[in-house]
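Chains, contacts and geometry: an overview
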Amino acid sequence: MAWQLNRLLMFGVLMLLVAGGSALAIAAEPPLRIVTEELPPYNMTQGGRVTGMSTEVVEAVLKEIGVEASIQPMPWARAYELALNESNVLIYSIVRTPARESLFQWIGAIAPTQWYIYSLAERPVKLNSLADAHGHQIATVNQDVGEQYLVSKGFRIGEELQSSTKYEHNYRKLKVDHVELWISNELNALYLTRQNGEDPEKVLIQSLALPELSSADGLNMAFSRKTPPQTVEKFRAGLEAIRRNGVYDAIARKWL
């Protein structure tokens with residue numbers, strides 16, 4: 001009987017250790033963080049809350065899978081750094097490029113995007129190719145895909161590229177002649193111009209289209225590499241579900 005009692009005690013201690021270890025592992029897993037930037041009309045703060053087309057898609061996915069989490073807007077470079085290095089971080093709206101492919105766990109596309117290099121109609125700059133943009137001052141956003149793209153093509157930050165933390169800063173730079181060119185997502189450029197009380201068709205010139213950055217599924221949701229696979233799969237399933245049930249299409253019709 002004594003050896004049976006000892007065996008039961010040892011089994012009980014082992015189970016407690018296993019349960020304790022599991023509890024510690026769960027406790028050690030950081031809560032879900034959702035980070036984004038001010039990129040109207042995709043993600044933007046209005047009246048103290050984050051809204052926009054991409055934000056509504058993310059919120060619809062959260063509702064579909066029954067997950068509650070707040071969205072934190074911040075400068076893009078900070079959001080990007082968090083998603084690169086921390087666990088349980090969801091970032092949007094992020095362009096999926098070959099250079100970024102292995103850096104994140106991709107959930108799926110949430111919005112279309114078209115990219116251009118713009119100049120002002122009153123000071124037009126003709127570009128037949130990207131090479132023609134060398135020697136001009138170009139407004140960019142720190143660590144966004146437009147800036148990364150230009151850097152990969154040999155443009156230098158602080159020389160030809162004038163980097164900002166916010167997209168609206170770049171529109172102002174173009175208007176006051178601090179830069180000659182502005183690389184931007186089309187919807188963002190149109191939105192910021194209209195917010196300034198101006199007609200984009202009269203004010204902006206599309207000096208050069210950038211097809212390498214442009215596609216119908218260009219903006220995405222992505223998780224940090226350190227996020228558990230089951231979390232990633234849950235969000236992928238949620239995005240697929242709202243595409244099937246018509247919720248995504250309803251959001252797109254509202255904003256596009």
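- The protein chain has the name Amino acid ABC transporter substrate-binding protein in an unreviewed UniProt entry, where Pseudomonas frederiksbergensis is given as its organism.

**A few points about the packing of aromatic side chains**
- Applying the stated criterion across every chain, the model contains seven aromatic pairs.
- Taking 6.2 Å as the distance between ring centres and 40° as the angle between the ring planes, the aromatic pair formed by W76 and Y80 counts as tilted. Taken together, the positions of W76 and Y80, both in helix α3 (residues 76–85) and four residues apart, correspond to about one turn of that helix. The pair formed by W76 and Y80 is uniform in burial state, with each residue classed as buried.
- Aromatic pair Y118 and W182: ring centres 5.9 Å apart, planes at 45°, arrangement tilted. Taken together, the positions of Y118 in strand β7 (residues 115–120) and W182 in strand β10 (residues 181–185) put the pair 64 residues apart, joining distant regions of the chain.
- Judged by relative accessible area, W182 falls into the buried class, the value being 0%.
- Taken together through their ring pairs, the aromatic side chains of W76, Y80, F104 and W106 make up a single cluster.

**So, the pairing of strand β8 (residues 138–141)**
- Side chains of β8 alternate between two faces, with I138 and T140 and A139 and V141 buried alike.
- In this sheet, strand β9 (residues 161–164) lies alongside β8 in parallel orientation, the contact comprising four bridges. Of the residues in β9, the one forming a bridge with I138 is L161.
- Crossover handedness for the path β8 to helix α4 (residues 145–152) to β9: right-handed.
- Direction of pairing for β8 relative to β10: parallel, over a ladder of two bridges. By the bridge assignment, I138 is partnered in β10 with L181.

**A closer look at the sheet that holds strand β4 (residues 71–73)**
- Read across the open sheet, the five strands follow the order β4-β1-β5-β12-β6; overall the sheet is mixed. On the outer flanks of this sheet lie β4 and β6 (104–113), each paired with one strand and no other. When strand polarity is set aside, the average angle formed by the axes of neighbouring strands in this sheet is 25°.
- Sheet strands in contact with helix α8 (residues 229–244) are β5 (89–95), β6 and β12 (215–224), and its direction is about 25° off that of β6.

**Details of α8**
- The end-to-end C-alpha distance of α8 is 23 Å, a good match for the 22 Å that 16 residues give at a rise of 1.5 Å each.
- Among the residues of α8, V232, F235, G238, L239, A241 and I242 are the ones counted as buried.
- Contacts made by the buried residues of α8 are with α2 (53–65), β5, β6, β12 and α9 (247–255).
- Looking one or two residues past α8, G246 carries a phi angle of roughly 95°, positive in sign.

**A few points about the confidence of the model for the protein chain**
- Averaged over all residues, the pLDDT of the protein chain is 90; the fraction at 70 or higher stands at 89%.
- Ignoring residues within four places in sequence, the model shows residues 21–27, a span with pLDDT below 50, making zero contacts including any to other chains.

**Remarks on the pattern of salt bridges**
- Enumeration over the complete set of coordinates arrives at eight salt bridges.
- Among the ionic pairs, E59 bridges to R49, the shortest N-O distance being 3.6 Å. Of this pair, E59 sits in helix α2 while R49 sits in strand β3 (residues 49–51); the two residues are 10 residues apart in sequence, bridging distant segments of the chain.
- Among the residues examined, E59 registers a relative accessible area of 32% and is labelled partly exposed.
- With relative accessibility at 45%, the residue R49 sits in the partly exposed group.
- Residue K153 pairs with E212 through a salt bridge whose shortest N-O separation is 3.8 Å. Taken together, the residues span a long stretch of sequence, with K153 in the loop between α4 and β9 and E212 in the loop between β11 (204–209) and β12 at a distance of 59 residues.
- A relative accessible area of 37% means that K153 is categorised as partly exposed.
- Taken together, the shared-partner salt bridges in this structure form one network comprising E122, R123 and D177.

Parameters at a glance
- Residues numbered from 1 in each chain as written.
- Predicted model: local features only at pLDDT ≥ 70, side-chain atom pairs only at ≥ 80, totals over all residues.
- Heavy atoms only, no water.
- Phe/Tyr/Trp six-rings, centres within 6.5 Å; stacked < 30°, edge-to-face > 60°.
- Helix = DSSP H or I, 4+ residues; strand = E, 2+ residues; numbered from the N terminus.
- Buried < 20%, exposed > 50% of the residue type's maximum accessible area, 1.4 Å probe, protein only.
- Pairing = 2+ DSSP bridges.
- Right-handed = clockwise from strand over helix to strand, strands pointing away.
- Axes fitted to C-alpha atoms, helices over the stretch in contact; angles between N-to-C directions.
- Contact = heavy atoms within 4.5 Å.
- Expected span 1.5 Å × (residues − 1).
- pLDDT = per-residue confidence, 0-100.
- Salt bridge = Lys/Arg side-chain N within 4 Å of Asp/Glu carboxyl O.

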